[in-house]
Amino acid sequence: MELSSSTSHMLLILALLILSFMLNFSSAAYNVTYDSRSLIIDGQRKLLISAAIHYPRSVPSMWPGLVQLAKEGGVDAIETYVFWNGHELSPNNYYFGGRFDLVKFCKIVQQSGLYLILRIGPFVAAEWNFGGIPVWLHYIPGTVFRTDNEPFKYYMQKFMIYIVNLMKKEKLFASQGGPIILAQVENEYGFYETAYGEGGKRYALWAARMAVSQNTGVPWIMCEQFDAPDPVIDTCNSFYCDQFKSLSPNKPKIWTENWPGWYKTFGGRDPHRPPEDVAFSVARFFQKGGSLQNYYMYHGGTNFGRTSGGPFITTSYDYNAPIDEYGLARCPKWGHLKELHRSIKLCEHALVNSEPKVLSLGPLQEADVYEDASGVCAAFISNMDDKNDKMVEFRNMSYYLPSWSVSILPDCKNVAFNTAKVGSQTSTVEMIPTDLQPSTNLPNKDLKGLQWDVFVEKAGIWADANFSINGLVDHINTTKDTTDYLWYTTSLLVDETEGFTRNGSSPILIVESKGHALHVFVNQKLQASAFGNATVSPFIFRSPISLKAGKNEIALLSMTVGLQNAGAFYEWTGAGPTQVRIEGLKNGTVNMSSYKWTNRIGLQGENLRIYDSIGLNGVNWVSTSEPPKEQPLTWYKAELNPPPGDEPIGLDMIHMGKGLAWLNGQEIGRYWPRKCSKHEECVQQCDYRGKFSPDKCSTGCGEPSQRWYHVPRSWFKPSGNVLVIFEEIGGDPTSIQFSRRKISSVCSHISEDHPSFDFEHFQKDGAGDYNNKATVSLKCQKNTQISAVKFASFGNPVGTCGSYAQGECHDPSSISIVKKVCLNKTECALELTKDNFDMELCPGSVKKLAVEVVCT
């Protein structure tokens, strides 16, 4: 059917009007204020769940998926720091491209319909290099960080104004119709303020007033700031914040950092926080009047390049977060928290519109009841006993409470959720190895195997020296963090009459260093290495060395592994050797500390940028199909095809030593498969009960602290991908592999007494009995289906996902029932009822269903 021109014109006008209305609606300004109970957005009190996702710790191609997965997990807001040293590379030299495209990230959050919490700082800590403050600022004469110091305040205020104005220009504050509902100035300064004396107090007050003067139209917060002035809101950072109270009775209770895991360090253990305990902490916070809770981190991501701090923070910043480093939901943590959020949201009206009545139900058991004048009621019942389950009486009904748990009753009757009962699915994740494949566009592609190009650095001064000086200079003051590496070289004359030249003994070289790592070369040969650790950066190198009669060149390669990122006066923390001496010579100990030392900053390959297209051909590479192994100071280059599939990719460096890696000029980061000591304390299974600490539930003793290094898929080209490795101490490049991160199995293990609440009907009707039968729910990733049932048992199965086994009690029809309901489906649900299973089994015991399926 053809439309007349007038009809077409009218339809066009109508479409334009609709579009205009949608644009105006989406950008309508809204008012954000607060009272003692919560934030108030356009007159509505809100309970808010927030998720920390740091934009430079992933790549722009990942941002929409990460934000969407957080939204599916039931969060209302995304939180991020602003990383000053990633944006102001030198004074007035700003960068907002690539991973640092802050505006693009904010707009992706806005498009998702979520709020944004912008923690400008600009000091951030965050296990980020130098705490986010540019290193160049330390070298502005007279500057002292984070106190009443004019140079620091000048540059801090200038950057703060720059960011605020950028957000205003893009209309990103809520007062302009944007997603930003809160902004933060400074960060955890209360821990260190007293170290700065009166200057610290003046600085904190100045920072707060300076921020408020920016007129953003949204409230400002200061976390862990014990003297935050009005109208700035002081907030809590901890594993638990249920007992936190704001300085003012007129401000809401906000939790800016709930740590659902912890960071890793090179040589350290792998920390894990159980989902039951994370959920317990969140439920207790809202039970005790909390209004906004933020997971730090919800997605930790990756410290690409040299962005990690610490020192010794790993390149991975996975954080055991609900979304893993590679962007996959970590189950059951992600799913368990999603169910928690859904249950809390059912209580929102009652929680923000009434005062709680606290009822003691036992020595460590209590109920907080929120009931408004209209009769809307919600209750949180908690058992803080970390050893014993309890049965309690509440409103003439009995409730079973596992130890260290909270039950949420959105109607003060039916249990919608218990923090200790994990019913959401679990997934097992594997790293599937894939050999490096030579690029299909190479001229010698008919050759078998991978061709490597090799370049070996000289140990010591590789070009004109930067300078020579009597004594040892500070590493960081010399490099100004333009590189991890600084060479110190000197020479030693050995008399041919020295006994060790004839009897086979070796002198001992001793180097005292402020940190972080050291390789010792004598006459171009690597002798030994030494390192500090995340707890104690300084170390003492002590090792026999091989000297010859005559002149010996001693070259020390000092390395940093991320700069200090927090602490009072942390910017003054140094690195590098401070004392050098040799024992075992006939004239006794020779102190070489005051010798003339010649220094060279960085590596030759770094200086020539042979890792990217700018300088890739800046050296004479030697091509070979059999690259040297266990050779120090070696650059390796290969052209590759991307790994097959679309799964996230990790670079497996288990057979390499220590160094740096790039793909197509993009910085993968530091690699160092340094092993955690076997003598550290690790656990096979974690007891979620009781207060968590980073040392409580660690694994990985005797294993590399980081084996795989995230390489984003968006960094790959269809062919001709250039992988460049710089190896410091020696490894086997032929064993380097890409690994695809893949969910291999999906599991669920649920008991018949698991809370199964009818959320949909409760939201429609608001009263009644909403307890359903316990239900196993399984869902595959996008574009996959359940292709096989590996295990199914109704009765008393034992084990965990990937290692389930039948117990003494088992319904033999279990696997056939699960196959009937679930095979060839993307998702399925199966109730624990007599229609599906033999409920007469195991009389007197609580029965369970365990299922493991494969999605392909």
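Remember, predicted model here, so these are calculated numbers, not experimental data.

Colleague: Tell me about the pattern of salt bridges, and name the residues and values.
Modeller: Applying the stated criterion across every chain, the model contains 40 salt bridges. With a shortest N-O distance of 2.8 Å, Arg-306 and Asp-484 are connected by a salt bridge. In this pair, Arg-306 sits in the loop between strand 14 (292-299) and helix 9 (333-346) while Asp-484 sits in the loop between helix 11 (475-479) and strand 25 (485-494), placing the two residues 178 residues apart along the sequence. Overall, Arg-306 belongs to the buried group, its relative accessible area being 18%. Put simply, Lys-847 and Glu-752 hold a salt bridge, and the shortest N to O gap is 3.5 Å. Placement of Lys-847 in the loop between strand 45 (827-831) and strand 46 (848-855) and of Glu-752 in the loop between strand 42 (737-751) and helix 14 (759-765) is noted, with a sequence separation of 95 residues between them. Classification of Glu-752 by relative accessible area gives partly exposed; the value is 29%.

Colleague: I'd like a rundown of the pairing of strand 32 (residues 588-591), residues and numbers included.
Modeller: Within a regular strand, side chains alternate between the sheet's two faces. In this sheet, strand 32 lies alongside strand 31 (residues 577-585) in antiparallel orientation, the contact comprising three bridges. Within the sheet, the bridge partner assigned to Leu-585 lies in strand 32 and is Gly-588. Connecting strand 31 to the antiparallel partner strand 32 that follows it, the hairpin turn spans two residues.

Colleague: Any chance you could break down the nonpolar core for me, citing the residues and the numbers?
Modeller: Grouped together as the largest cluster of nonpolar side chains are 160 residues, with contacts concentrated most on Ile-78, Met-167, Ile-181, Leu-340, Leu-651 and Ile-725. Looking at this core element by element, the count peaks at nine residues for helix 6 (residues 150-169). If near-sequence neighbours (up to four positions away) are discounted, Leu-651 is found in contact with Ala-661, Ile-668, Arg-707, Trp-708, Tyr-709, Val-711, Leu-723, Ile-725, Ile-736, Gln-737 and Phe-738.

Colleague: Requested: an account of the state of the cysteines, with residues and values cited.
Modeller: As enumerated under the stated definition, the model contains eight disulfides in all. Disulfide pairing places Cys-686 opposite Cys-697 at an S-S distance of 1.7 Å. Within this pair, whereas Cys-686 is found in the loop between strand 38 (666-671) and strand 39 (698-699), its partner Cys-697 is found in the loop between strand 38 and strand 39, the two being separated by eleven residues in sequence. A residue is classified by how much of its surface remains accessible, and Cys-686, at 28% relative accessible area, is partly exposed. Since its relative accessible area comes to 3%, Cys-697 is described here as buried. Here Cys-822 is linked by a disulfide to Cys-828, with a sulfur-sulfur distance of 2.1 Å. Every disulfide takes its handedness from the sign of the S-S torsion; for Cys-822 and Cys-828 that torsion is 85 degrees, giving right-handed. Both residues of the pair, Cys-822 and Cys-828, count as buried. No disulfide involves Cys-331; its sulfur sits 10 Å from that of Cys-801, the nearest cysteine. Of the cysteine sulfurs around Cys-676, a residue in no disulfide, the closest is that of Cys-701, at 4.4 Å.

Colleague: Would you mind going over the packing of aromatic side chains in detail, with residue names and values included?
Modeller: Using the criterion set out here, one finds 55 aromatic pairs in the structure. Both rings, one in Phe-791 and one in Tyr-804, keep their centres 5.6 Å apart while their planes meet at 35 degrees; by these two values the pair is tilted. With Phe-791 in strand 44 (residues 786-795) and Tyr-804 in the loop between strand 44 and helix 15 (814-822), this pair connects stretches of sequence that are 13 residues apart. With a relative accessible area of 11%, Phe-791 lands in the buried category. The exposure class of Tyr-804 is buried, given its relative accessible area of 12%. The side chain of Arg-146 reaches across the aromatic face of Phe-123, ending 3.5 Å from its centre. Above the plane of the ring of Trp-462 lies Arg-600, whose end atom (NZ or CZ) is 4.0 Å from the centre.

Colleague: Please provide a residue-by-residue account of the side chain of Asp-385, values included.
Modeller: Turning to its location among the elements, Asp-385 is positioned in the loop between strand 17 (377-383) and strand 18 (390-394). Salt bridges are absent for the buried Asp-385, whose nearest opposite-charge side chain, Lys-390, sits at 4.7 Å. A distance of 2.8 Å separates a polar side-chain atom of Asp-385 from the backbone nitrogen of Lys-387. Not counting residues up to four positions away in its chain, the partners in contact with Asp-385 are Leu-364, Gln-365, Lys-390, Ser-403 and Trp-404.

Conventions and cut-offs
- Residues numbered from 1 in each chain as written.
- Predicted model: local features only at pLDDT ≥ 70, side-chain atom pairs only at ≥ 80, totals over all residues.
- Heavy atoms only, no water.
- Salt bridge = Lys/Arg side-chain N within 4 Å of Asp/Glu carboxyl O.
- Helix = DSSP H or I, 4+ residues; strand = E, 2+ residues; numbered from the N terminus.
- Buried < 20%, exposed > 50% of the residue type's maximum accessible area, 1.4 Å probe, protein only.
- Pairing = 2+ DSSP bridges.
- Core = buried A, V, L, I, M, F, W, Y, C linked by side-chain atoms within 4.5 Å.
- Contact = heavy atoms within 4.5 Å.
- Disulfide = S-S within 2.5 Å.
- Phe/Tyr/Trp six-rings, centres within 6.5 Å; stacked < 30°, edge-to-face > 60°.
- Lys NZ or Arg CZ within 6 Å of the ring centre and 35° of its normal.
- Lys, Arg positive; Asp, Glu negative; His and termini not counted.
- Polar contact = N/O pair within 3.5 Å; in protein donor to acceptor, adjacent residues only side chain to side chain.

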